[in-house]
Amino acid sequence: MKAITKHRASRLSLAAVIFVFFGLVFIPFITPLLLAVLVAFALEPTVSRFSIRASKRKLPALLILTSIFLALAIPLTGLIINIIRKVKILSRTNVEELTLYKKALGIWESVAPYFNDLTDSGSSGGEMMNKGATQAMAITTATVSSVPAFVLGLFVFSAALYVLLTQSKRIKSAIKELHVLTDAEIDRIIVVIQKSSYTALVASALSGFVQSSLILVGSAIAGLHEYFLVFLLTFIFSFIPMLGAGAVGASLTLILLLEGNYAQAAIMGVFSLVAAIIDNLIKPYFNSRSGDEVELNPVVSLLAIIGAVLVYGLPGLILGPVLTRLAFQIIPILLKADTAETGE
């Protein structure tokens with residue numbers, strides 16, 4: 001018996017070493033791979049619903065990949081074109097002559113006296129705007145230079161997602177054959193990951209899209225013309241707890257108030273309020289529909305997002321809440337199983 005146990009331990013140790021060296025190859029792609037795993041868990045029930053046989057899973061997977069690619073490629077293309085257009089305008093025009101610069105300078109001059117009283121700072125509005133313009137140019141350059149890395153990450157994400165969606169049953173069977181966990185434990189963990197991924201990806205993305213659309217319409221009616229930037233910032237902020245899309249709406253409302261556009265500010269404020277209400281309706285609905293009843297403390301969620309963004313970059317807005325939610329649900333399953341085995 002001891003010889004069998006020793007032999008099994010040796011085989012597992014050797015397999016672990018090989019797996020570690022194999023895994024090191026994929027460390028540069030850890031973020032797109034994690035996203036692919038979570039998206040695959042969220043969409044696997046949908047793919048299974050439309051494909052009875054494994055051979056028919058390829059078409060739904062390709063349709064999903066095409067939809068995701070278009071959803072990412074179209075905004076990215078618009079962002080790049082917008083950035084290039086802005087850079088060309090800046091290269092031909094003096095920064096101080098731009099309408100945006102004049103508006104920002106006017107807002108700064110209206111609030112600067114309050115900050116000067118607090119900080120005793122003697123910096124003029126022009127100096128502050130020039131520093132901001134320099135930083136904005138640096139951010140723009142960094143954004144454009146990161147496009148190749150984004151394209152590579154998108155390719156890795158798409159390839160991994162296709163394999164996971166089309167080979168999910170084989171992967172599940174291979175994991176069960178390892179006998180690290182019982183079949184019941186593996187099935188429970190899969191259900192937990194599916195529910196958490198579905199809630200985070202579908203509910204959060206849909207809520208963010210609806211809120212961004214509302215803020216976009218409000219800003220258009222209020223006379224703000226940076227449509228793509230407003231939509232993108234609102235969508236990103238919609239994933240951040242305790243801030244949400246309301247932070248962008250409130251900021252735009254404040255800007256309009258400082259400019260003296262009180263009617264437009266009122267319109268923007270109404271749309272921001274409606275967007276906040278929509279967020280409190282969509283997410284609970286999807287949570288109840290998926291059966292995911294875990295409610296994370298907002299402070300824990302915020303810290304998880306900050307840490308995930310520092311580790312994974314912008315995708316951490318999605319990975320942070322999902323990984324935290326999974327930790328709170330999977331660890332108890334494993335601990336209960338260990339307690340049951342010890343009791344026996």
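This text gives an overview of the structure that appears in the document. (Residues numbered from 1 in each chain as written. Predicted model: local features only at pLDDT ≥ 70, side-chain atom pairs only at ≥ 80, totals over all residues. Heavy atoms only, no water.)

Let's shift gears to helix 10 (residues 244-258). Helix length check: helix 10 (15 residues) gives 22 Å between terminal C-alpha atoms against 21 Å at 1.5 Å per residue, within 8%. Within helix 10 the residues assigned to the buried category are G244, A245, V248, G249, L252, T253 and L256. (Helix = DSSP H or I, 4+ residues; strand = E, 2+ residues; numbered from the N terminus. Expected span 1.5 Å × (residues − 1). Buried < 20%, exposed > 50% of the residue type's maximum accessible area, 1.4 Å probe, protein only.)

Ranked by size, the top nonpolar core spans 27 residues in total, and within it V39, I68, F157, L161, L165 and L326 carry the most contacts. Residue assignment for this core shows that the elements contributing at least two residues are helix 2 (30-50), helix 3 (58-92), helix 6 (147-166), helix 8 (183-221) and helix 13 (316-343). In terms of nonpolar packing, the next biggest core, distinct from the first, is built from 10 residues, A222, V248, L252 and A275 among them. (Core = buried A, V, L, I, M, F, W, Y, C linked by side-chain atoms within 4.5 Å.)

This part is about helix 12 (residues 298-312). Residues three or four positions apart in an α-helix share a direction because the helix packs 3.6 residues into each turn. Taking 1.5 Å per residue as the helical rise, helix 12 with its 15 residues ought to reach 21 Å, and the 20 Å between its terminal C-alpha atoms agrees with that figure. Every buried residue of helix 12 is accounted for by S301, A304, I305 and A308. One face of helix 12 carries all of its buried residues, which in axial projection span an arc of 100°. Turned more than 90 degrees away from the buried face of helix 12, the exposed residues are L303 and L310. G313 sits one or two residues past helix 12 and shows a positive phi near 85°. (Arc of directions from axis to C-beta.)

Moving on, we come to the packing of aromatic side chains. For any pair of aromatic rings, the description rests on two quantities: the centre-to-centre distance and the angle between the ring planes. What the rule picks out here adds up to 2 aromatic pairs. Residues F209 and F231 carry aromatic rings whose centres are separated by 5.9 Å and whose planes lie at 75° to one another, so their mutual orientation is edge-to-face. In this pair, F209 is assigned in helix 8 and F231 in helix 9 (residues 227-237), connecting sequence segments 22 residues apart. Note on F231: relative accessible area 23%, which makes it partly exposed. (Phe/Tyr/Trp six-rings, centres within 6.5 Å; stacked < 30°, edge-to-face > 60°.)

What follows concerns the pattern of salt bridges. Counting across every chain of the model gives 2 salt bridges. A salt bridge links K172 to D187, with the nearest nitrogen and oxygen atoms 3.4 Å apart. Linking K172 in helix 7 (residues 168-177) with D187 in helix 8, this pair joins segments that are 15 residues apart in sequence. K176 is the salt-bridge partner of D187, the closest N and O atoms lying 3.2 Å from each other. You can see D187 sitting in helix 8 and its partner K176 sitting in helix 7, a full 11 residues away along the chain. Residues joined in a network through salt bridges with shared partners are K172, K176 and D187. (Salt bridge = Lys/Arg side-chain N within 4 Å of Asp/Glu carboxyl O.)

Structurally, A205 can be placed in helix 8. For A205 and F239, which are 34 residues apart along the polypeptide, the C-alpha to C-alpha distance reads 8.3 Å. With near-sequence residues (within four places) excluded, A205 lies in contact with A200, F235 and F239. (Contact = heavy atoms within 4.5 Å.)

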